[in-house]
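An overview of the molecular structure
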Amino acid sequence: MFCPICPASSLRSRSSFLELPSEKTGNSKIKWSSEDMAQHAVRVQGRKQICGQQDRFPVPARGSQPAVPISIEQLLVWAFQAERVTLNLDRVSRLAGFALPGFGFEYVLLQQAKLGCRVDGGGRSDPHPDAEIVAAALVELPEEHGGMRTGIWIAELARAGIRPDCMQDARPRFEPADVHTNRHGTNAKTRDAADLGPFGWPAQPRRNRKGVIVQDAVQYTPVVCRPTPDQIGRARRAYLQWRGTLFWLRISFQTYGGLTGFKLTDEMPPLTPWAQGA
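The notes below deal with the structure included here. (Residues numbered from 1 in each chain as written. Predicted model: local features only at pLDDT ≥ 70, side-chain atom pairs only at ≥ 80, totals over all residues. Heavy atoms only, no water.)

In this section: the pairing of strand β7 (residues 213–216). Pairing geometry for strand β6 (residues 204–207) and β7, over four bridges, is antiparallel. Note that in β7 the partner of arginine 207 across the bridge is isoleucine 213. Adjacent in sequence and paired antiparallel, β6 and β7 are bridged by five residues, among which glycine 211 carries a positive phi angle near 85°. (Pairing = 2+ DSSP bridges. Helix = DSSP H or I, 4+ residues; strand = E, 2+ residues; numbered from the N terminus.)

Moving on, we come to empty space enclosed by the protein. The tally for this structure, following the rule as stated, stands at one cavity of 30 Å³ or more. By volume, the largest cavity amounts to about 50 Å³. Lining of the largest cavity is provided by Glu73, Leu76, Val77, Ile154, Leu157, Ala158, Ile162, Trp242 and Leu246. Listed by contribution, the elements that provide at least two residues to the lining of the largest cavity are α3 (72–82), α7 (147–160) and α8 (229–256). Within the lining of the largest cavity, the residues separate by chemical class into eight nonpolar, no polar and one charged. (1 Å grid on protein atoms, 1.4 Å probe; cavity = no way out; pocket = protein on both sides within 12 Å on 5 of 7 lines; lining within 4 Å. Points joined across faces, edges and corners; volume = space filled by probe spheres on them. Nonpolar A, V, L, I, M, F, W, Y, C, P; charged D, E, K, R; others polar.)

Both strand β3 (residues 179–182) and strand β4 (residues 185–188) contribute to a ladder of four bridges, which runs antiparallel. Bridge pairing links asparagine 182 to glycine 185 in β4. As consecutive antiparallel partners, β3 and β4 are separated by two residues.

Below you can see the structure in the form of structure tokens.
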């Protein structure tokens, strides 16, 4: 059941994931639910979009080995998916160099006395130093690039293995504001144009077949624009901000260094994916 593409199946300990017993079936293999399979498909699609058709994440160099070339986008995905690094948002603990305790040791002893035993085990291995440097760079983003809020957003995108939705193929379209369905099909709902006031049309006189003059209301169809140009522009500005921050991170790492196992390349996500082929 181990998938080399989906980092969620690694759980930082790939060998232990292979033989987890199932409580329902007793089988040594894990049974994936439909929800797990859907999440797995999203991660695979994101991995293919960002890292191409590679089967695994890039492996950082060790010792005297030459640094492995990697793009800034792949580096972020590797740090947050493969290494599962987290952002340290506590400024006090970052300056102190260690996490400050949230309660005293007496509280721990009292809880152990209530439980009647001491809980052992748990924890996980530390992430790669390059992953910790990437996380620290996102936390300390300058305000002109969005600050910590943008860093958290970029980290969540990298953890999911996706890019911001730039509404690549979206075009403003006018659609009926409301529709109704009957035996003849689905049609747009109409309204009386006289309700528009000075911008509408009054009822038009017509002589019916009996020779009587009647007033026929002028009907019109209210429409709405979906998606609006504002929504498309907002999504594309967010994409450009994301790419601009990645460009700043790439230049910073290439200029000042800090990575030990990787060497950043000049590869970047497309600048205007919505304009390709136009």
